[in-house]
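# A closer look at the structure
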Amino acid sequence: MRDGVMRLAHEAVRPPGTSFPGGADEAEIADLQQAAGLTLPADLVDWLRVCKGDLIGPGGLYGVQDSPTVTGIASVLGWFPNWRERGWLPVAGDGNGDHYVLITSGELSGCVGFVDQADFEAIGYVVATNLWTFLWFLLGREAGDRRWPFDRNHVVAHDPAMATIPAHLQPWTKATA
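Report follows, based on the coordinates.

## What to know about the sheet that holds strand 1 (residues 88-93)
Here 4 strands make up an open sheet; going across it, the order is 1-2-3-4 and the pairing antiparallel. Unpaired on one side and paired on the other, strand 1 and strand 4 (125-128) mark the two borders of the sheet. For this sheet the average axis-to-axis angle between neighbouring strands, irrespective of direction, equals 40 degrees. Pairing of strand 3 (residues 112-115) with strand 4, which is carried by 3 bridges, proceeds in the antiparallel orientation. Counterpart to V112 in the pairing with strand 4 is A128. Across the face of the sheet, helix 6 (residues 131-142) comes into contact with strand 1, strand 2 (99-103), strand 3 and strand 4 while running at roughly 85 degrees to strand 4.

## Topic: the packing of helix 1 (residues 2-11) against helix 3 (residues 42-50)
Here helix 1 crosses helix 3 at 35 degrees, and the two axes come no closer than 12 Å. For the element pair helix 1 and helix 3, the recorded crossing hand is right-handed. Across the interface between the two elements, R2, V5, M6 and A9 of helix 1 pack against D46, W47 and V50 of helix 3. Taken together, the residues of the contact of helix 1 with helix 3 break down into 5 nonpolar, no polar and 2 charged.

## A word on the packing of aromatic side chains
One pair of aromatic rings is described through two measures. These are the centre distance and the angle between the planes. In the structure shown here, the tally under the stated rule is 13 aromatic pairs. Ring geometry for W47 and W132: centres 5.7 Å apart, planes at 90 degrees, overall edge-to-face. One end of the pair, W47, is in helix 3; the other, W132, is in helix 6, with 85 residues separating them in the sequence. W132 carries the same exposure label as W47, and that label is buried. Ring geometry for W136 against F137: centres 5.4 Å apart, planes inclined by 55 degrees, an arrangement best described as tilted. Put simply, the rings of Y100, F114, Y125, F134, W136, F137, W148 and F150 pair up and form one aromatic cluster.

## Description of empty space enclosed by the protein
Taken as a whole and judged by the stated rule, the model has 1 cavity of 30 Å³ or more. Residue lining of the largest cavity: L44, W47, L48, L61, Y62, V91, L131 and L135, and that is the complete set. Broken down by secondary-structure element, the contributors of at least two residues to the lining of the largest cavity are helix 3 and helix 6. The element that contributes the greatest number of residues to the lining of the largest cavity is helix 3, accounting for 3 residues. Its residues assigned to classes, the lining of the largest cavity comprises 8 nonpolar, no polar and no charged.

## Section: unusual backbone geometry
With an omega of 5 degrees, the peptide bond between W148 and P149 qualifies as cis. If you trace the backbone, P149 turns up in the loop between helix 6 and helix 7 (152-158).

## As for the pattern of salt bridges
What the rule picks out here adds up to 7 salt bridges. Among the salt bridges present, the one from R14 reaches D54, with a minimum N-O distance of 2.6 Å. Here R14 is found in the loop between helix 1 and helix 2 (26-36), whereas its partner D54 is found in the loop between helix 3 and helix 4 (73-79), with 40 residues between them in sequence. For D54, a relative accessible area of 4% corresponds to the buried category. Here R86 and E121 are joined by a salt bridge, their closest N and O atoms 2.8 Å apart. Of this pair, R86 sits in helix 5 (residues 82-86) while E121 sits in the loop between strand 3 and strand 4; the two residues are 35 residues apart in sequence, bridging distant segments of the chain. Accessibility expressed as a relative area gives 34% for E121, which makes it partly exposed.

Rules and cut-offs
- Residues numbered from 1 in each chain as written.
- Predicted model: local features only at pLDDT ≥ 70, side-chain atom pairs only at ≥ 80, totals over all residues.
- Heavy atoms only, no water.
- Pairing = 2+ DSSP bridges.
- Helix = DSSP H or I, 4+ residues; strand = E, 2+ residues; numbered from the N terminus.
- Axes fitted to C-alpha atoms, helices over the stretch in contact; angles between N-to-C directions.
- Contact = heavy atoms within 4.5 Å.
- Left-handed = near helix turned anticlockwise from the far one by under 90°.
- Nonpolar A, V, L, I, M, F, W, Y, C, P; charged D, E, K, R; others polar.
- Phe/Tyr/Trp six-rings, centres within 6.5 Å; stacked < 30°, edge-to-face > 60°.
- Buried < 20%, exposed > 50% of the residue type's maximum accessible area, 1.4 Å probe, protein only.
- 1 Å grid on protein atoms, 1.4 Å probe; cavity = no way out; pocket = protein on both sides within 12 Å on 5 of 7 lines; lining within 4 Å.
- Points joined across faces, edges and corners; volume = space filled by probe spheres on them.
- Salt bridge = Lys/Arg side-chain N within 4 Å of Asp/Glu carboxyl O.

Structural data, given as structure tokens:
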């Protein structure tokens, strides 16, 4: 999965004048951890070491700090302070004001959830059971594969644990987009 994510990240269409940003160094990761006020999960740290944030995907992949093209994870947490208490780390936007969050506590720990702007205090549905699979799905969608997240067969074939997510949090039980 990780190799597929790397390939998709490098091949992603970016705005003119931008390129793959590279990974964060240890100081940038430490600064983010302090600003976030949460322990960063190993998968997120691994991803940030590869990509410190990028303007790819529908609403960008949040990064270690704000830049002219990237929104920092800590900045998004500043907009939604209750997310810190819930153990939600924002990892990407959908380009329409909604967010994807890495859940770091509770029964869904490790999963990535979709938070709709209609209710920023609830996980609308789970989109992947781990960060790397989420990134693979998200970047694959941007590359033209429109089956994620609402095609149950496709999602479960690539992320079998999605079948065990509570039914009310499975994306295919929601209205399709």
